[in-house]
Amino acid sequence: MKATAKAHTNIALIKYWGKRNESIILPTNSSLSLTLDGFYTTTSVHFSEEYTQDKFILNERVVEGEQHRRVSGFLDLIRQQAGKSLYATVDSTNEVPTAAGFASSASGFAALAAAGTKAIGLDMSDRELSALTRQGSGSACRSIYGGFAEWEMGAEEDGSDSYAVPIAPAEHWDLRVAAVVLSSTAKKVSSRAGMKRTVETSPFYQGWLNSIPTDMSQIKEGIKERDFQKVGEVAEANCLKMHATTLGANPPFTYWHDTTMTVMQMVRDLREKGIPAYFTIDAGPNVKVLYLPENEEVIEKTLRNIPGVADIRLSRPGQGVTYL
Ligand code: 2P0
């Protein structure tokens, strides 16, 4: 009863920002992402009658506390679906530097769901696996697939129609992402708390929701046509709208640092010089820059030279979940 799976993280081009159900994680809007090859988690799950509790090992260290509770709670969902009550040892290796501003929860829960269901003997479709993964961490449900994936918000109360679906595989389009790692990255509001506060208090939140259907159909067209300008413009505007909602929250907050804005301006400057590039930002200060392979050198060099930038990590489109 042992299995190992690998999953990559993803970057949202249309952001998931808000829940309508916090316990089974149902979103208030659909979202769309690109899975990235550069950052991934490999997880082994072993269920055994000999275990007397769940054990969670991350990067060779035993983890206790809140992180252990989240993993164990997710194993409960797997046990429930399988009708079995065995404890497990979960052994994870994260190739997602926390400092790069990628939530390791996306690749982490996708790998855990894939390995856990396989180990316990459940045979799941991609949609079923995505819906299960969603309950560990929302953004993780998109990491089941490689390339571009859409998390359809669904309408059912039980979450049975809230899962990700593939939009285009990694091979469809070599769209690249540079993760700009800032020297100072202290994050005061977690994404979970930030989206909750925004949904409950920001007068801009309804405007955000109203803008999603158009953004979603535009970006899907752009992906289909491999239209970089279209995809970049929609993704950048969608990111700015998400961040605008936080300024309207009570109390107000922002994830941006001064260097965040410097990088954003540098990307606009690149465009003015005729080098196509667009940015997107998640619930943190780091910026991700979208670009095409032919501009990799100039993009990397320009970003590296910005004061306050600690590192640049380049990624290509990545594959979905694989079993090792
Ligand atoms: C996203 N983010 O679509 C958005 C954009 C942050 C900004 O998904 O509470 O860790 O576990 O469902 O998925 C971060 O939130 O939140 C996130 P939970 P998650 O990628």
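Because the structure is predicted, anything quoted here is derived from the model rather than measured.

Caption draft 1: How the structure looks around the site of the ligand. By nearness alone, 17 residues border the ligand, and Y16, K19, S137, S139 and R192 come closest of all. Taking R70, its side chain carries an N or O atom lying 3.4 Å from an oxygen atom of the ligand. Take S105: an N or O atom from its side chain is 3.4 Å from an oxygen atom of the ligand. Coverage of the ligand by the protein chains reaches 95% of its 460 Å² of free accessible surface. It is helix α4 (residues 191–201) that provides the largest number of residues to the shell around the ligand, a total of 3 residues.

Caption draft 2: Highlighting the domain arrangement of the protein. Domains assigned within the protein are domain 1 (2–171) and domain 2 (176–315). Taken residue by residue, the interface counts 33 residues in domain 1 and 38 residues in domain 2. On inspection of domain 1 and its partner domain 2, the count reaches 3 salt bridges. Between E150 and K220 there is a salt bridge; the shortest N-O distance is 2.6 Å. At the surface where domain 1 touches domain 2, the tally comes to 11 residue pairs in polar contact (both at pLDDT 80 or more). Those elements that provide at least two residues to the side of domain 1 that touches domain 2 are β1 (2–14), β4 (31–48), β8 (148–152) and β9 (163–168). If one sorts the elements of the side of domain 1 that touches domain 2 by residue count, β4 sits on top with 7 residues. Classifying every residue of the side of domain 1 that touches domain 2 gives 18 nonpolar, 9 polar and 6 charged.

Caption draft 3: Geometry of helix α1 (residues 65–82). Given a rise of 1.5 Å per residue, 18 residues ought to cover 26 Å, and the 26 Å separating the end C-alpha atoms of α1 matches this to within 8%. Within the span of α1, buried status applies to H68, V71, S72, F74, L75, I78 and R79. Down the axis of α1, the smallest arc covering the buried residues is 160°, so these residues share one side. Away from its buried face by more than 90 degrees, α1 exposes E66, R69 and Q80. Against β4, β5 (55–58), β7 (87–95), α2 (104–120) and α3 (126–134) lie the buried residues of α1. Trailing α1 by a residue or two, G83 shows a phi angle of about 65°, which is positive.

Parameters and conventions
Residues numbered from 1 in each chain as written. Predicted model: local features only at pLDDT ≥ 70, side-chain atom pairs only at ≥ 80, totals over all residues. Heavy atoms only, no water. Near = heavy atom within 4 Å. Polar contact = N/O pair within 3.5 Å; in protein donor to acceptor, adjacent residues only side chain to side chain. Areas by Shrake-Rupley, 256 points an atom, 1.4 Å probe, with all protein chains shown as cover. Helix = DSSP H or I, 4+ residues; strand = E, 2+ residues; numbered from the N terminus. Domains from an automatic or database assignment. Contact = heavy atoms within 4.5 Å. Salt bridge = Lys/Arg side-chain N within 4 Å of Asp/Glu carboxyl O. Nonpolar A, V, L, I, M, F, W, Y, C, P; charged D, E, K, R; others polar. Expected span 1.5 Å × (residues − 1). Buried < 20%, exposed > 50% of the residue type's maximum accessible area, 1.4 Å probe, protein only. Arc of directions from axis to C-beta.

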